[in-house]
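Residue strings, one per chain:
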Amino acid sequence: MVFESYTEMCNKAADIVAEQITLKSHSVLGLPTGLTPVKMYEILIEKNKNGEIDFSDVKTFNLDEYYPVSPIDKHSYRYFMNETFFKKINIKMENTCILNGQAEDAEKECDMYQKLIEKSGGIDLLILGIGRNGHIGFNEPDEYLLSYTHKTRLLQETIEVNSKLFDDVSEVPEYALTMGIGTIMQAKRIILLASGKSKYKALRELMAGKITTLNPSTLLNVHPCVTVLCDRDAYEGGKEK
Ligand code: F6R
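Note that the coordinates shown come from a computational prediction; the quantities given were computed from them, not determined experimentally. (Residues numbered from 1 in each chain as written. Predicted model: local features only at pLDDT ≥ 70, side-chain atom pairs only at ≥ 80, totals over all residues. Heavy atoms only, no water.)

**Quick notes on the nonpolar core**
Then step 1. Core analysis: the biggest nonpolar cluster contains 32 residues, and M40, L44, F55 and F85 have the highest contact counts within it.
Then step 2. For this core, the secondary structure elements donating two or more residues are α1 (6-23), β2 (28-31), α2 (38-49), α3 (77-84), β6 (125-128) and β9 (189-194).
Then step 3. Per-element accounting of this core gives the leading share, nine residues, to α1.
Then step 4. Core analysis: the next-biggest nonpolar cluster, separate from the first, contains 31 residues, C110, I181, L203 and V228 among them. (Core = buried A, V, L, I, M, F, W, Y, C linked by side-chain atoms within 4.5 Å. Buried < 20%, exposed > 50% of the residue type's maximum accessible area, 1.4 Å probe, protein only. Helix = DSSP H or I, 4+ residues; strand = E, 2+ residues; numbered from the N terminus.)

Right under this line is the structure:
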């Protein structure tokens, strides 16, 4: 679905989340960080304040986290989610799950996270952003992709794009923990959000319907229930956001 503006796209995304929670109060949501979902989170906070959505029984799993990073580091995705969203809604903090960026044993942490998602009954609705290179979560373009939650090395291009939120590019962690492609594919419903001209190429490839690990988002073409929400800039390659 193409929207004239970023805000309209985020309104639609928030409506879909609201419908999901209204239909199933104990919904399990998969959530992204990044710039794209920020407005959607703001709208959801409003909907929670005016009584339209109740998050008290909702459980969330974030897609990824830098590694290593402390959860109280302001660059961590845990910090981002707490400050941008969780502290502003009536969700129980213990129901918000994010990979531990300072786990000593990354493999064990990923394994535990994967099992926790499965134990929670799987993700009902997963919201995804998309990288300029087509990454989803931190599943970067590569010859092979991994299915389960795992530790991954970020590509230099991702480190550079993400460095905008750091003082210096050298401060961006080289690694991350991320849900794998299989973890993502097991979500019952997926919404992918794409905003701005920089996402045009990756989005075009996704919508072309051909599958390649060199654009991990294209694997979503085999998922039975994916909705792509984008603004006109991402759809037509218009002006930069
Ligand atoms: C973040 C994530 C990433 C972002 C992607 C787009 O949790 O999983 O895949 O969704 O890098 O980031 P923005 O929205 O900042 O363009």
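**A short note on the packing of aromatic side chains**
Then step 1. Inspection of every chain in the model, using the stated rule, returns eight aromatic pairs.
Then step 2. Between Y77 and F138, the aromatic rings sit 6.1 Å apart at their centres with planes inclined by 20°, giving stacked as the arrangement. Of this pair, Y77 sits in helix α3 while F138 sits in the loop between β6 and β7 (150-153), and the two are 61 residues apart along the sequence.
Then step 3. Within the aromatic cluster, the residues linked to one another by ring pairs are Y41, F55, F85 and F86. (Phe/Tyr/Trp six-rings, centres within 6.5 Å; stacked < 30°, edge-to-face > 60°.)

**What about the environment of Y113?**
Then step 1. Relative to the assigned elements, Y113 resides in helix α4 (residues 106-119).
Then step 2. Assessed through its relative accessible area of 3%, Y113 is described here as buried.
Then step 3. Considering only alpha carbons, one finds Y113 and M185, 72 residues apart in sequence, at a separation of 16 Å.
Then step 4. Non-local contacts of Y113, meaning those with residues more than four positions away in its chain, are made with F61, N62, C97, I98, L99, T149 and M179. (Contact = heavy atoms within 4.5 Å.)

**A look at α2**
Then step 1. Helix length check: α2, at twelve residues, gives a terminal C-alpha distance of 17 Å against a target of 16 Å (1.5 Å per residue), a fit within 8%.
Then step 2. Every buried residue of α2 is listed here: M40, Y41, I43, L44, I45, K47 and N48.
Then step 3. Among the residues trailing α2, G51 stands out with phi positive, at a value near 85°. (Expected span 1.5 Å × (residues − 1).)

**Examining unusual backbone geometry**
Then step 1. That bond from Y67 to P68 is cis: its omega, -10°, falls within 30 degrees of zero.
Then step 2. With respect to the helices and strands, P68 occurs in the loop between β4 (64-67) and α3.

**Some words on the site of the ligand**
Then step 1. Taken together, 13 residues form the shell around the ligand, and within it T33, T36, D64, H135 and K199 come nearest.
Then step 2. L35 has a polar backbone atom sitting 2.8 Å from an oxygen atom of the ligand.
Then step 3. Here an oxygen atom of the ligand sits 2.8 Å away from a polar atom, N or O, in the main chain of G137.
Then step 4. About the coverage of the ligand: the protein hides 88% of its 410 Å² of free accessible area.
Then step 5. Spatially, the ligand is embedded in the largest pocket.
Then step 6. Grouping the constituent residues of the shell around the ligand by class yields four nonpolar, seven polar and two charged. (Near = heavy atom within 4 Å. Polar contact = N/O pair within 3.5 Å; in protein donor to acceptor, adjacent residues only side chain to side chain. Areas by Shrake-Rupley, 256 points an atom, 1.4 Å probe, with all protein chains shown as cover. 1 Å grid on protein atoms, 1.4 Å probe; cavity = no way out; pocket = protein on both sides within 12 Å on 5 of 7 lines; lining within 4 Å. Sits in = over half its atoms within 2 Å of the grid points. Nonpolar A, V, L, I, M, F, W, Y, C, P; charged D, E, K, R; others polar.)

**Looking at the environment of T7**
Then step 1. Position of T7 relative to the elements: it lies in helix α1.
Then step 2. Look at T7 and you get partly exposed, because its relative accessible area is 35%.
Then step 3. Taking the C-alpha atoms as reference points, T7 and I43, 36 residues apart in sequence, are found 9.4 Å from one another.
Then step 4. If sequence neighbours within four positions are ignored, T7 has contacts with K39 and I43.

**Quick look at the state of the cysteines**
Then step 1. For the structure shown, the criterion picks out zero disulfides.
Then step 2. Just so you know, C110 is unpaired, no disulfide at all, and the nearest cysteine sulfur is the one on C97, 14 Å from it.
Then step 3. A relative accessible area of 3% means that C110 is categorised as buried.
Then step 4. Looking at C230, it has no disulfide partner, and the nearest cysteine sulfur is the one in C10, 12 Å off. (Disulfide = S-S within 2.5 Å.)

**Some thoughts on the layout of surface pockets**
Then step 1. When its volume is computed, the largest pocket comes out at roughly 850 Å³.
Then step 2. Lining the largest pocket are 36 residues, with G34, L35, V161, N162 and K199 sitting closest to its centre.
Then step 3. Listing elements by their share of the lining of the largest pocket, those giving two or more residues are β4, α3 and α5 (156-162).
Then step 4. Looking at the lining of the largest pocket element by element, the count peaks at four residues for α5.
Then step 5. Residue composition of the lining of the largest pocket, by class: 13 nonpolar, 15 polar and eight charged. (Points joined across faces, edges and corners; volume = space filled by probe spheres on them.)

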